[in-house]
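Descriptive structure summary
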Amino acid sequence: MKMGTLALGIDIGTVSVKWVLAGSKEQVKKLAALRNNGIEKISEIPGKSDIAFAISKYRRVQGEPLAAVKETIREVSAYVEWENLGSI
């Protein structure tokens, strides 16, 4: 999906991994409209009119944190082109 710059954050814990994409409300709404996007919820910062976050569902690590992160990156790359990421 072509869009402007997004920022990707990955939270890796002992039990689970999850990702967050930050961008404009328009970008995040486009992501949320995609089928099987892995997004659990959309969040906005009060008072910041154009910033929103797409927050993924938790993925269980099951003793394999590296494998879980690789799968998370594959999931995100299925609908976000890497050249649209401004930071990770």
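Anyway, here's the lowdown on the structure attached to this text.

Within the protein chain, the regular secondary structure consists of 2 helices and 6 strands. When the elements of the protein chain are put in sequence order from the N terminus, they spell out β-β-α-β-β-β-α-β. Taking 2.2 N^0.38 as the reference for a compact globule, 88 residues should give roughly 12 Å; the C-alpha atoms of the protein chain span a radius of gyration of 13 Å, in line with that estimate. A burial count over the protein chain gives 34% of its 88 residues as buried. Restricting the contact set of the protein chain to residue pairs at least 6 apart, pairs at least 24 apart contribute 58%. Carbon and sulfur atoms form 53% of the exposed surface of the protein chain, whose accessible area is close to 5,500 Å². Seen as two clouds, the 13 positive and the 10 negative side-chain charges of the protein chain have centres 3 Å apart.

All right, on to the packing of aromatic side chains then. Note on aromatic pairs: each is described by the distance of the centres and the angle between the planes. If you walk through the whole model with that rule in mind, you get 0 aromatic pairs. Sitting over the ring of Tyr 58, Lys 18 keeps its end group 4.0 Å from the ring centre.

One non-glycine residue with positive phi stands out, namely Gln 62, at about 50°. One can find Gln 62 in the loop between strand S5 (59–60) and helix H2 (65–77).

Attention shifts here to the pattern of salt bridges. This model, assessed by the stated rule, comprises 4 salt bridges. For Glu 75, the salt bridge goes to Arg 59, with nearest N and O atoms at 2.3 Å. Of the two residues, Glu 75 sits in helix H2 while Arg 59 sits in strand S5, which places them 16 residues apart along the sequence. The partner of Glu 71 in a salt bridge is Arg 74, and the shortest N-O contact between them spans 3.2 Å.

A few words now on the environment of Val 61. Note that Val 61 resides in the loop between S5 and H2. Between the C-alpha atoms of Val 61 and Val 17, which are 44 residues apart in sequence, the distance is 6.5 Å.

This brings us to helix H1 (residues 25–33). Among all positions in H1, only Gln 27, Val 28 and Leu 31 are buried. One face of H1 carries all of its buried residues, which in axial projection span an arc of 95°. Of the residues in H1, the exposed ones pointing more than 90 degrees away from the buried face are Glu 26, Lys 29 and Ala 33. Elements that come into contact with the buried residues of H1 comprise strand S1 (6–12), strand S2 (16–24), strand S3 (39–44) and strand S4 (51–56).

Conventions adopted
Every chain begins its residue count from 1, and numbering advances along the sequence as written. Restriction of local features to residues with pLDDT of at least 70 applies here, the model being predicted, together with a cutoff of 80 or more for giving and counting side-chain atom pairs; totals for whole chains, interfaces and linings are based on all residues. Hydrogen atoms and water are omitted, and side-chain values are computed over all heavy atoms in the structure. Counting from the N terminus, the helices are DSSP H or I runs at least four residues long and the strands are E runs at least two residues long. Only C-alpha atoms enter the radius of gyration; for comparison, a globular chain is expected to reach 2.2 Å times N to the power 0.38, where N is the number of residues. Think of it in three bands: residues with accessible area under 20% of the maximum for their type are buried, residues over 50% are exposed, and the middle band is partly exposed, with areas taken using a 1.4 Å probe on protein chains only. The contact criterion used throughout is that any non-hydrogen atoms of two residues lie within 4.5 Å. Per-residue and other accessible areas were derived by the Shrake-Rupley procedure at a 1.4 Å probe size, with only the shown protein chains allowed to occlude residues. Counting rule for charge: Lys and Arg are taken as positive, Asp and Glu as negative, and neither His nor the chain ends is counted. The atoms used to mark charge sites are NZ of Lys, CZ of Arg, CG of Asp and CD of Glu. Centres within 6.5 Å are what make two rings of Phe, Tyr or Trp a pair, Trp counting through its six-membered ring; a difference in plane orientation under 30 degrees is then read as stacked, over 60 as edge-to-face, and the rest as tilted. By definition here, charges over rings are those cases where NZ of Lys or CZ of Arg is within 6 Å of the ring centre and within 35 degrees of the ring normal. We define a salt bridge as a side-chain nitrogen of Lys or Arg found within 4 Å of a carboxyl oxygen belonging to Asp or Glu. Arc, as used here, means the arc of the directions from the helix axis to the C-beta atoms.

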